[in-house]
Structures are given as C-alpha cells and as structure tokens.
Number of protein chains: 2
Amino acid sequence: MTLQVNQQRLKSDIETLAAIGREPDHGIYRMAFSPGDVAGRDWFKQQLSDAGLEIYEDGAANIHGRLAWDETKASVMTGSHLDTVPGAGHLDGALGVLTGLECLRRIKEANIPLQRPLEVVAFSDEEGRFGGMLGSQAITGRLTPESIHKAIDLDGIRLTEAMQACGYDAMAALHARRQPDSIHAYVELHIEQGPILDQMGFSVGVVDAIAGLFKWDVSLIGTPNHAGTTPMHMRNDAFAGLAEFHTQIQRLLDENGSERSVATIGRVSLFPGAANVVPGRVDFSLEVRDTEQRVLDELQGVCRRALSAIARRRNLMFEFKVLSEIAPVKCSNGLVDQIKDVAETLKIPSLRMASGAAHDAQMLAGITRAAMVFVPSKDGRSHSAAEWTDMRDIEKGANVLLNTLVRLAGEGK
Amino acid sequence: MTLQVNQQRLKSDIETLAAIGREPDHGIYRMAFSPGDVAGRDWFKQQLSDAGLEIYEDGAANIHGRLAWDETKASVMTGSHLDTVPGAGHLDGALGVLTGLECLRRIKEANIPLQRPLEVVAFSDEEGRFGGMLGSQAITGRLTPESIHKAIDLDGIRLTEAMQACGYDAMAALHARRQPDSIHAYVELHIEQGPILDQMGFSVGVVDAIAGLFKWDVSLIGTPNHAGTTPMHMRNDAFAGLAEFHTQIQRLLDENGSERSVATIGRVSLFPGAANVVPGRVDFSLEVRDTEQRVLDELQGVCRRALSAIARRRNLMFEFKVLSEIAPVKCSNGLVDQIKDVAETLKIPSLRMASGAAHDAQMLAGITRAAMVFVPSKDGRSHSAAEWTDMRDIEKGANVLLNTLVRLAGEGK
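None of these values were measured; they are calculated from a predicted model.

This brings us to the relation of the copies chain A and chain B. For the pair chain A and chain B, the best superposition has an RMSD of 0.0 Å and corresponds to a rotation of 180 degrees with a translation of 0.0 Å parallel to the axis. Taken together, the rotation angle and the small translation identify this as a two-fold axis. Taking C-alpha positions as reference, the residue of chain A nearest the rotation axis is Ala243(A), located at 2.1 Å. Both copies contact each other with a shared surface, as 100% of the interface residues of chain A are interface residues in chain B too.

So, in structure tokens, the structure goes:
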C-alpha cells in the first residue's frame, strides 16, 4: 500500500509561502533573519501547529516539526531551508520544507504506525547571507564560537546582531548539535537547479553524491605591447594563453575526469584592457567540480601541468592560488537504493544522479545516512524568479519522499 | 659629400626638452595646451630664434621654423610634435622636432646652397588630448568649424577654451590650411614605438606605409548557467566561443592577411562574470591592422565568417558593430627610395617597413609626397617613461634625415 500527498494542499502552501517576501517583478527576498525570513518562519510555525505537529526551535533557530517524538529513538529527518537568495524563485529550499510538512501531515492523517519519530526541519541561513548552511552546520557540530562570532553579511552586519534582533542568541547555535545516533536517516527533496532531469524527461532524480570542487585564481603574465606596432610573432599575449587553455578544457576532462566532471572559467580580467594594447596579463577564475576526490586531485594536477606547458611555450608567467577546496560527499548507497525502490513501486521512473550544487544534505551526510530526491528545474533555471517546476513533477517527487519516510520510520532499531 | 648633425647639441636639446613637464618617477606631462606644453613650445621658439631661423605660428598653433623662406617656392618640410601623452617618455614626437631643428641649423651653418625653402614644424595636439593630429589635420585641410567646436578633452574642457587660455583662437586653425603645391615633400623622423628595428638590429627604418585598421565591438551571447549543475554538453558558454576564435586568429591572418597583418583582442568582459556561473555573454574588442585596404577588407569578411561559424556551431548569438575604420596610407615610393639611397651613401643599413602607429605623416601624405625615418625603440617600449633609444641610433637616423633634406632642398622645380 502506498500513500499519496494532498497535491492541492501542497500547491496552496507553495503559493502562500511564495507571497511572503516577494517584491513584484523582482522575485523573493527572504534572506536569513531578514523581515521576510522572519515572516516566512512565523507562517511555517503556524502551519506546523495547525497540523498538530510538535514545534521545536533549536539554538541555531532551526525549526523542527515533530511527529511521534521520542527522544530515546533515532528520528527520520527530512527538510530544507526557508531562507532565499535576493530575488529568488519560489521553490529553492521552500519546496523541501513544505513537502516535508505535507508528508508528516499525511502520515499523521493516515494514522500510519511508526517505529521511529519523524521530523521536518527548516534549516537556518542555507543560502549564505552569513556564510551558508548555518543550521545544518550547527546540527552536525561544525560551528565554533569563533565562526559564529566572525560571521558577517555583505553590509557588515554580524550574525550575532541579526539573530539578536530576531530574539535569538547566536552562541546558542553551539547547543543545536545532535548526536549522530539520534538521526536514523536524512532525506531532502530539492529542485535540481540544473537542466538534466528537464532535458532527459525524468520527473524524479535520486542523488547519490554531492560534487566537491576546487576554485583557483589564475594569472598568466606576458608583456603589454602596442597593438599596432608589435608584429604577431613578437607578442607575449597573455590572453592567447588563456584562450588556448580554454580550448583544452574539454579534452582534459574527457581524458582525466569522470562523466560528472565540469570546469568553468566564469571571471576574466585583462590588463591593461584597452582595444589597442596587447594584453600583458590576464587574471581568471578556474572552478572544477566532481563527485570523487580522486578525480578532483587528478584534475588539479592536470590543469596545473596544462597551464604550465602553455605558459612555458608562450613565454608567459603562470601563477595560481587555491581559493577554496570542498570535498565531495557520498550519499548512503543503501538509502539511495531504498528511494529508487520506492519510486519503482510507485511506477515513477527515476534517474540516479549527482548534485552539482551544495545542500544541507551534505552536512547531514557527515553524521548520518543521507540522500536527496530531485525534481526538475525548467531549463535548469534557479536563483531567479524564472525558477519553475511542473506541479505534476512536484507531486511525483513528494510521493517518493512520503513513501520513503514511511518505510524508514517503519524500520526497527 | 655628406653632412653630419652635431650629436652633442642634439643630445643636449633632447635632455633640456625632456626636463620640461617632467614629473619625477612619473614621466613627462606636456598634453596639448597644458602648462607643460606651453613651456615646451616657448623653449622651442627660443631655440629657433637662437638658430637664426624664421618663426611662423599658424592658426592651428603649429610652430614653423623656416630657412631660406620664399613663399613662391614649394618647401621641404620635416617635423613632428612636442605634445605628449600623460606620463610620456622623452622621445615620442620630441625627437622628430629636435632632429628637424638640428638639421636646419646644420644646413644653415654649412651654408648649403638651397633651391627650396626648408621648414621644421611642431604640430599641435598629435597625441589626442582633443582628438589627435589637430595641427597636421589643419595644414591638410581636414578640419571643419564643427570639428573644432566639438573637440573636448576627457575632463570636459573644450579645445576652444584651452586654446583661448593660451592666447589662440581655435577657429583660426581653419586658416592654417596649406595648398598642396606649397609643400615639395614631407619627411618625419620618429621612434618606431615597436620592437622590429631593436630585435632585428637595424639603426634606421624607412617607412613605406602607415597601417590602417578596423575596430569592432563584438558580442557572443549564450546562456548563463550554474557552474555546478550544468553538465559540459548542456552549456552555451559564450566565452568558449571567444576562446575558439582567438586560437583561430593566427591561421586567419596567415591564410588571408599579409605579413604585416596584426589582430588584437585587448578588451574582454564576461557576464555575469562570477566564478560559479557559466558565462552567458562575452563582449570584446577586435582590432585588425594592415597597410593594404584590400587586405583589411578581406580580413573583415574572414573574421565575420569565422565568428558566425563558431556562433552557429556553439548555438550562440553573434553581434558586432564597427567602432572605427581608418584607411592605410601609402608613402611616396620615390621618396622612400631616395631615403634608402641616402642611408646607403652613409653606409647605414636600413629596413623598409610599415608604421603600425598613426603619425602626422599620414595626414601630410594626403597632400604631398611623404615618408618617415624610424629609429629603434628599446624593447618596443613607448608611451611610457621607459621609452629609450641609443644615441648612436639617433645620430644615424638624424644624419639620414639631414642628408635627405639637403637632397630634397637641392631639387629643382
């Protein structure tokens, strides 16, 4: 026997929350601990209350809605975040929280017998007004007094100040930490934020890994020269080095990466940057992602050697510094198989895939079995008011989540 | 019999003028009609006077130093400019004016019999505070009341105001126009501002053409996408199109250009320009130069087709607009041969070459026989305080100019 979510109720919740913090024609503004976020949080707590779920707010201001709570038993957790980037769409984060709410509501209504408590969590500041994944880092024990104290937004407002203005003591986030054995499993539903499901025609993706990355600041340094008086063969054109490297990237990934490897040069600055001067220097970003650390390590070496060789041959100087490195996260294989199996039972074709973007789930994966359910993003659009997912796909994803939670909550110790 | 310049006197003039408008460690500031320029002009007029040359200042504030003046006879003209870019070196422009002065001084001292008058001209605003080549455009009849009225510097100061502050009526520049038959020939000595003579070991270049150019503003437009969630084969990376085009440039020039063709991409802007977003759009400059209009026309077509093909294959939009087109200028073949012959007589090896930069000579070429003598720029450096030419090379170039002027002034009607 399988359960079904109440599609109309879920749709209505999505629409109601989407109106909170929305600025007409500019998208949604519910940045963490902003007035829009606070309004969204208050509304969500009211929904939990209306559904007869137990409400618990931890030290990191994560909102937990709990069913059949028993602190002696490891819970089955789902959730996502209510906060948004500025000018956001209506689904990123919100969909996971509202679907979790709907699942718990349906399970409660259907009086499903539960071996384990269920909780839906709205995590604080996933999107990064103060750095990102504040709530899921708190729960997984990754915060320090120093990291809380230093967190600051782009306007120079401290996390401690912003939380205090909302009635929270930021340092209490340290007490939000959960013991690993208090969480049986974590499953998060989220929009894909990429084009794969949409282009391949799947309604549901099951995430088996979250990509890690390395990000470099690279410089190639030649000689700025007069564009009129310097013959082609006497130039040290720094930009020519970058152009050559860019045309090698696909080959480098094909030869040394996996089918999940991506590399992006998204930022480029030429110096002096005038139409009539041969570029003497180019600074650019190089960001490479994969779901295997081994592959990322290999690609770091490959990119360094390719750039060195180009620089040597073109008589350029090559410098780089590592701006960030984030390790990939494996989801639980057992959990992924269970979700795939639930989808099959529901006759919903699903695609095993990676997440290229970061999610709270990657924090939870550090302390418990974790996996994600993706639904398609139309044209891959996200972080934009143009973000959109067909309600039929949302319903399928929600039913996969619902029946997965039922199975997990029915599992014995 | 050949004449020699007085090297010590020329060297002393160069050093004295270099001190006018110099800011220690920052180069020379004699932008047109600035206090530095006025001081340089005053000093130059004093030198003309000390040399016993007749001084004539035309309506465009061009300073003429004249020897054996006879307005019924076509004159032999040399010269260059005293004004500089901000932070300039000591030779660009100044060397041509001072060498011209030294040549007339020597010819006068040596009592060389002259069939024609000689004049050395310091042209106004060659470097472009108010657009460039003001003086040589005035003499060749290219100014209009409108162009004078509209000329404005980067600070919003009008040419008319700046000239008035120096005691000149800008509209009088219209009266500086010379009849073509009043100039027998024009020869300008200038530093190369490129690396060719320095790298090839020549002391003297003889310029047979001044390159023209076309300059485009190009856009390639794809789709901005999340760098983590968008697989390589689902991207519309605008920058990838530019990188591919850049790697084709040398081949396009080799196949369709001349050995003098150069192409430069000096300005590049990516949008949105973030490390974690696949570039959805790239705007860049494309500047192509050659000494043949036919070649420039060919290269315009070739670049358009190459960019169209890349855009079509990569599913990008391609747009461009022509920012400027400047026609190449041919020097007088007869004059070039005469200069080469003079150099040979002096046993100075010389290289026939093009000028990649613009000069007053290209204006003069529109109304009379014109050519240029180049001396090497160390490492091709110019428009910088690092600009430098060995005094032995300057002396050789000056002697070529001197004996060329003697020959030209000795020619009958």
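There is more to say after this.
Before going further, it helps to spend a moment on helix H8 (residues 238-256) of chain A. Residues and elements named next belong to chain A. Taking 1.5 Å of rise per residue, the 19 residues of H8 would be expected to cover 27 Å, and the 26 Å separating its terminal C-alpha atoms lies within 8% of that figure. Along its length, H8 reaches its greatest deviation from straightness, about 40 degrees, at Gln248. With a side-chain oxygen lying 2.9 Å from the backbone nitrogen of Phe239, the N-terminal cap of H8 falls on Asp237.

Bringing the pairing of strand E3 (residues 54-57) of chain A into the picture now. Residues and elements named next belong to chain A. With four bridges joining them, E3 and strand E4 (residues 63-67) adopt antiparallel strand pairing. Bridge pairing in E4 links Tyr56 to His64. Linkage of E3 to E4, two consecutive antiparallel strands, is achieved through a turn of five residues, within which Ala61 is found at a positive phi near 70 degrees.

According to the stated counting rule, one finds 13 aromatic pairs over all chains in the structure shown. Between Phe214(B) and Trp216(B), the aromatic rings sit 5.3 Å apart at their centres with planes inclined by 40 degrees, giving tilted as the arrangement. Here the two residues Phe214(B) and Trp216(B) agree in accessibility, since each one is buried. Through a chain of ring-to-ring contacts, the aromatic side chains of Phe214(A), Trp216(A), Phe318(A) and Phe320(A) assemble into a single cluster. Arg66(B) extends its terminal NZ or CZ atom over the ring of Trp69(B), reaching a point 3.5 Å from the ring centre.

The next subject is the side chain of Glu192(B). Examined against the element boundaries, Glu192(B) turns out to sit in the loop between strand E7 (183-191) and helix H7 (196-200). Despite its burial, Glu192(B) pairs with no opposite charge, the nearest such side chain being Arg260(B) at 11 Å. A distance of 2.8 Å separates a polar side-chain atom of Glu192(B) from the backbone nitrogen of Ile196(B). When near neighbours in sequence (up to four residues on either side) are disregarded, Glu192(B) contacts Thr229(A), Leu197(B), Asp198(B), Met353(B), Phe374(B), Val375(B) and Ser377(B).

Residue and element names in this part refer to chain B. Interaxial distance between helix H10 (residues 333-345) and helix H12 (residues 391-410) falls to 9 Å at its minimum, and their mutual angle equals 120 degrees. Compared by their axis directions, H10 and H12 come out oblique. Crossing handedness for the pair H10 and H12: right-handed. For the pair formed by H10 and H12, the contact residues are Leu335, Gln338, Ile339, Asp341, Val342, Ala343 and Thr345 on the first element and Val400, Asn403, Thr404, Arg407 and Leu408 on the second. When its residues are assigned to classes, the contact of H10 with H12 shows six nonpolar, four polar and two charged.

As a further point, take the pattern of salt bridges. Residues and elements named next belong to chain A. Overall, the coordinates contain 52 salt bridges over all chains when judged by the stated rule. For the salt bridge of Asp208 with Arg260, the shortest nitrogen-to-oxygen distance reads 3.0 Å. Residue Asp208 is located in strand E8 (residues 204-210), and its partner Arg260 is located in the loop between H8 and strand E11 (262-264); the two are separated by 52 residues in the primary sequence. We classify Asp208 as buried; its relative accessible area is 12%. Taking the relative accessible area as the measure of exposure, Arg260 reaches 29% and is therefore partly exposed. Among the ionic pairs, Arg407 bridges to Asp341, the shortest N-O distance being 2.8 Å. Placement of the pair is Arg407 in helix H12 (residues 391-410) and Asp341 in helix H10 (residues 333-345), with a sequence separation of 66 residues. Under the relative-accessibility criterion, Arg407 is labelled partly exposed at 34%. Taken together, the shared-partner salt bridges in this structure form one network comprising Arg9, Asp13, Glu102, Arg105, Arg106 and Glu109.

Moving on: the interface of chain A and chain B. In this assembly, 48 residues from chain A lie in contact with 48 residues from chain B. When the two sides are added together, the surface that chain A and chain B hide from each other amounts to roughly 3,800 Å², 65% of it contributed by carbon and sulfur. For the chain A face of the interface with chain B, the top three residues by lost area are Thr229(A), Met232(A) and Ala275(A), together amounting to 16%. There are zero salt bridges connecting chain A and chain B. At the junction of chain A with chain B, the criterion picks out eight residue pairs in polar contact (both at pLDDT 80 or more).

What follows deals with the pairing of E8(A). All names here are of chain A. For E8, the tally of buried residues reaches seven of seven residues, placing the bulk of the element in the interior. Direction of pairing for E8 relative to strand E17 (residues 350-355): parallel, over a ladder of six bridges. What sits directly across from Val206, in E17, is Arg352. Pairing of E8 with strand E18 (residues 370-375) involves three bridges; the strand directions are antiparallel. Bridge pairing links Val207 to Met372 in E18. With two bridges joining them, E8 and strand E16 (residues 329-330) adopt antiparallel strand pairing. Directly across from Ala209, in E16, lies its bridge partner Lys330.

Conventions used here
- Residues numbered from 1 in each chain as written.
- Chains lettered and ligands numbered in written order.
- Predicted model: local features only at pLDDT ≥ 70, side-chain atom pairs only at ≥ 80, totals over all residues.
- Heavy atoms only, no water.
- Least-squares fit on C-alpha atoms with pLDDT ≥ 70 in both.
- Contact = heavy atoms within 4.5 Å.
- Helix = DSSP H or I, 4+ residues; strand = E, 2+ residues; numbered from the N terminus.
- Expected span 1.5 Å × (residues − 1).
- Bend = angle between axes of the 7 residues up to and from the residue.
- Polar contact = N/O pair within 3.5 Å; in protein donor to acceptor, adjacent residues only side chain to side chain.
- Pairing = 2+ DSSP bridges.
- Phe/Tyr/Trp six-rings, centres within 6.5 Å; stacked < 30°, edge-to-face > 60°.
- Buried < 20%, exposed > 50% of the residue type's maximum accessible area, 1.4 Å probe, protein only.
- Lys NZ or Arg CZ within 6 Å of the ring centre and 35° of its normal.
- Lys, Arg positive; Asp, Glu negative; His and termini not counted.
- Salt bridge = Lys/Arg side-chain N within 4 Å of Asp/Glu carboxyl O.
- Axes fitted to C-alpha atoms, helices over the stretch in contact; angles between N-to-C directions.
- Parallel < 35°, antiparallel > 145°, perpendicular 65-115°, else oblique.
- Left-handed = near helix turned anticlockwise from the far one by under 90°.
- Nonpolar A, V, L, I, M, F, W, Y, C, P; charged D, E, K, R; others polar.
- Buried area = accessible area lost by both parts, 1.4 Å probe.

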